[in-house]
Amino acid sequence: MIGIVIVSHSAKLAEGVRELAMQMARERVPIAVAGGIEDSNDPIGTDPMRVVAAIEAVYSTDGVLVLMDLGSALMSAETALEFLDPEQQKHVFLCEAPLVEGAIAAAVEAMIGSSITQVIAAARNSLAAKLQQLVPLLPQPAVQPDAESPINLTEALTLKIIVSNRLGLHARPVAKLIELISQFSADVYITKNDMLVNARSINQVATLTARQSDELLFQAVGPDAAATLAAIQTLAFNNFGDRTDDDQLGATDASATLATVTSHELQGIPAAAGIAIGPVAFYVSVLPPVLERTVDDGEAEWLRFQTALQAAVVELQTVQAQAQQTVGATEAEIFAAQRLILQAPELQAQVRRQIFDERRNAEAAWQQAIQQVAARYQALDDADWRARFADVLDSGQRVLRQLMQAVLPPLHFTQPVILVAEDLLPSATAQLDPKKILGVVTAGGGATSHSAILARALGIPAIVGVTDLLSRVTAGQTIALDGGTGRIWLAPTPDQLVELRQKHSQWQAAQQVDRQTSRQPAITRDGKPIRVAANISHPNDVDLACANGAEGVGLFRTEFLFMGRNQAPDEAEQWAAYSLAARKLGPRPLIIRTLDVGGDKPIPYLGIRPEANPFLGWRGLRYCLDNPALFKPQLRAILRASAEHPIKLMLPMVSTLDEVQRTKVLLQIVQDELRAAKLAFNEALEIGIMIETPSAVLLAEPLAQTVDFFSIGTNDLTQYLMAAERGNAQVATLANALQPTVIRAIQQVVQVAHTAGIWVSLCGELAGNPLATPLLVGLGLDELSMNAAAIPAVKARIRQLDLVQAQDLAEKCLTLHSVTEIEHLLAAV
Ligand code: PEP
Ligand code: MG
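Residues numbered from 1 in each chain as written. Chains lettered and ligands numbered in written order. Predicted model: local features only at pLDDT ≥ 70, side-chain atom pairs only at ≥ 80, totals over all residues. Heavy atoms only, no water.

## Digging into the pairing of strand E11 (residues 275-282)
Counted residue by residue, E11 has six buried out of eight residues, so it is predominantly covered. Of the pairings in the sheet, the one linking E11 to strand E15 (residues 478-482) comprises five bridges and is antiparallel in character. In the strand pairing of E15, Pro-279 is matched with Thr-478. Bridge count for E11 against strand E12 (residues 417-421) is three bridges, and the pairing is parallel. (Buried < 20%, exposed > 50% of the residue type's maximum accessible area, 1.4 Å probe, protein only. Helix = DSSP H or I, 4+ residues; strand = E, 2+ residues; numbered from the N terminus. Pairing = 2+ DSSP bridges.)

Next up, the structure:
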C-alpha cells in the first residue's frame, strides 16, 4: 500500500492535515507526519531525521509520497532522502503539490489502489477543481474578453481629461488606471483622436501613446459608470500617481548623466574594460521551441492555461515585492504593469478562441498572441511604450515557462552580439560565452555586483547602471561601447568607429605585452615579492588563470557550483570539482571558500525566503552553520580533496569569533568521521576567513589568533562600511573601494594580521584595478587575488613599483578625506 508523509514546520499543522486526509481515505492509507522540531521554546521548524522516521513508518515498495509545506521543509525532505539506502530511495517521491489539497487527493487516490504515478498526478492536479470553481469569482473584467463583441456606447457617461504628466500616460500611470477601474463594475473605453480602446487592457491603452496635453475621452457604461468616472477624474487630477516633481527629476537625471555626452551617447558605470562594437540583442531567456498540437479537450487545455497564467501572475507579485526592496516601490511597479500585460482581456480572448475554436494547444496559442502584442508595442511611436516590448516578451515567457514546466535555459546566441538587459543574474552572466557576447550593457547593477565581476572574469567589456537604456536601443541596432570609461555610442559615426577600433587594437596590444611577461613573478624593483592569484567560480577557470600568470587561486567562489540547478551538488560531485581545480593548478595553492549563498547570489532550492535586506540577512557562513546537512558535505569534500593537493579553506561573511569557533567544531566532527571511514585529508589544513564585515575589521585581533590567514573582501566590506549596496547604480559613487574609510580599514587589518604573524590577501575587485596596485602594495598586502583577465596588467604594475615609494603613497592616501582626492593622487603616480 502506498504511504504518504506530511512534512510541516508546525507539528499541529502536519497532524491536522493527516487527520483530514485520513478521514477522506477512511483510515485506509498509511499517513505519517514529520512536523516541527525538538525545541520546546521554539518548536517551529523541520528536522530531516523526523522525515526519515516518518518515511520508514509508512515505507512500502509500492511507493511513498512526501508532501511538504515550504522553505526548509524541502531541504529537510531532500536531506532525509540521503539517509535512506539506495533501494529505498527509488520508491520515495518528493512532490511539489499543495500540502492540504495534495494530501487529500493523494490519500483518496491511494485508497482506491492506484499506482504511485497516479497518486502523484492526483496530488499535482489537486488545485484544478478549486481553480475551476473560483475562476468565475476572481476579479473579472466587466467586459467579456471578446474583442469582437460590438461595443454599444450610446448610453455611456463621458469624461474628458487633458493629460498633465510630463511623461504622458506611460506604463506606470496606466497600471494605476487599470487597477482603479478593476474596483468598479463598469466597462470603460478611452478615445484619443478617433482611436477607441478598452481601458482595462494595458496593451490597448499603450497604442494610444497619450502624451502630455493630449485630450482623452473616457466613456463608461454599467452600474458603476458614474463612480468610475469620478474616480478616474481624481486620479487624473493627481497626475495618475506620478510624482509632480517627475519633470524636475527627469531633467536633472538626464543632465547629470548625460552632462558630457551627446544625444547619441549614453554614460554608465564602467564594469569591465574593453571596446565592443556590434548589434544589440536583448536578454530574454530562450525557451525550447513551442510545438503545436491539436487538443481534444478544450476545457482541460483552457484550465491548464489559466493555471499557468495564475502562477505567472503570482510569480510577478513576488518579483515586485523583491524589487521594491532593491529598486524602490515606484520602479518595482513595472512588474505590476507586466501583470496587467498578461491579464489583458483581449489577449485571453484570443487564446481562448484558439483553444476552443481552432483546437490549438495553450503554448502555441499563447505564443502567437504574445508575439502579436509585442510587435504592436515595437511599432509604437513613443519610446517609453516601445521599451515595454521587452516587458511583453519577458512576462509572456513567464507564462510559457509555466506551461512547459521549463527551467531557465542557458543564454544562447548564434552570432556575436552586445547583450542589453535590464539586469543579469549572476547565474545568467556566468553562462555568457565570450565568443558570442561582445559586450554587456545593463540598466541596473554596480561595478562590484556579481554580474560585473563575472563579466570581468570572462573578459567581456561591460557597462552597468545605464539609465534610460532600454528605451534608447532596439534589437539589431549597431552600437559601440568602451567598458573602461562607461561610454556607449548609439549610432557610431565612421570616424568614431575608426577611433574605437584603434583604441581596441592598442588595448589588445598592451594586453599582449603584459601577457608575455605575466608568467614571471611579480616582484617590486626593490625586491618585495607580491603573490598574484586568481578568483575563480569553476574549475575550468583555472586554465585561463594559469595562462595569465596566476600563482594560485586566492578565491574559489564555490556557490557557482550550486547555481543553475535544482539541488545541491553532493559530496562526491564537490570533491571531484575541487580536486579537478587543484589538479589543474599543480603545485600552486588553491583557496576554497565555503558556500557564500544569499545577497545577490540567490539559490532558489535552498529555501531562503525573500528578505527585506538580503545582504544583511541569512547569507554565507550564517546560512551554512544553520544548515549542517548542506555544510558538512562541503567540508568533507574540501578536506578529502586536501589529502593530495595544497588546498586551504576559507570562510565567508564572518561577523563573530563564535562563528569561526563553531565552524572549527564542525570541522573536528567531520575530520573524526573521515578518520573513522579511513578517508585521507590534510591534518594541517590552513583555515582562513574573509574580512568583509565591519565587525570582522574591529574584531581582527582575536580573529587573527584563531585562523591562519585573512582575505579582505573589499566588495562586501565597502558596501557594509559605506552603507551603500554594491549592486545599486544610484549609490555607486559611495560603494567605491577607494573611499578613505575602506583604505583605513584595509590598513588596520593588515597591521593587526602582521602583528599576529599571519598573512593577508585582498580578493575584492579592488585587487584587479591597476590604479590601486601601488596603494595596496604600500599598505602591505601579501597577496592580491583577482579576476584572471586583470592579472597580467597588475603584475606588470607591481614590477614598476618601488616598495618604499609605494609605502609613502599609502601614507599620503591615508591622510586624504575623499575618494576623488585619492583617485587623483593614484592617477598621478
Ligand atoms: C568580496 O566581498 O569582496 C568578495 C571577494 O566576495 P564576493 O564578491 O564573492 O562577495
Ligand atoms: Mg563577499
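Having seen the model, we can carry on.
## Thoughts on the sheet that holds strand E18 (residues 553-557)
The strand order around the closed barrel formed by eight strands is E17-E18-E19-E20-E21-E22-E23-E24, and the pairing between neighbours is parallel. Put simply, the sheet's adjacent strands are angled 25° from each other on average, direction ignored. Where E18 meets strand E19 (residues 590-593), three bridges bridge the pair, whose relative direction is parallel. If you follow Phe-556 over to E19, its bridge partner there is Ile-592. In this fold helix H24 (residues 571-585) packs onto E18, E19 and strand E20 (647-651), with an angle of close to 160° to the strand it touches most, E19. (Axes fitted to C-alpha atoms, helices over the stretch in contact; angles between N-to-C directions. Contact = heavy atoms within 4.5 Å.)

## What to know about the packing of aromatic side chains
Using the criterion set out here, one finds six aromatic pairs in the structure. With centroids separated by 5.8 Å and ring planes inclined at 85°, the aromatic side chains of Phe-556 and Tyr-578 adopt a geometry described as edge-to-face. Taken together, the positions of Phe-556 in strand E18 and Tyr-578 in helix H24 put the pair 22 residues apart, joining distant regions of the chain. The pair Phe-556 / Tyr-578 is uniform in exposure class, with both members buried. Grouped by ring-pair contacts, the aromatic residues Trp-302, Phe-305, Phe-356 and Trp-366 constitute a single cluster. Here Arg-352 stacks its cationic end above the ring of Trp-302, 5.1 Å away from the centre of that ring. (Phe/Tyr/Trp six-rings, centres within 6.5 Å; stacked < 30°, edge-to-face > 60°. Lys NZ or Arg CZ within 6 Å of the ring centre and 35° of its normal.)

## Quick word on the sheet that holds strand E2 (residues 31-35)
In a beta sheet, neighbouring strands pair by backbone hydrogen bonds and run either parallel or antiparallel. The sheet built from four strands is open, its strands ordered E2-E1-E3-E4 with parallel pairing. In this open sheet, the two strands that pair with only one neighbour each are E2 and strand E4 (92-95). Shown here is a sheet whose adjacent strand axes are inclined to one another by a mean of 20°, direction ignored. One ladder, built from five bridges, connects strand E1 (residues 3-8) with strand E3 (residues 64-68); its direction is parallel. Opposite Val-7, over in E3, you have Met-68 as the bridge partner.

The quantities given are spatial measurements derived from coordinates; they are silent on function.
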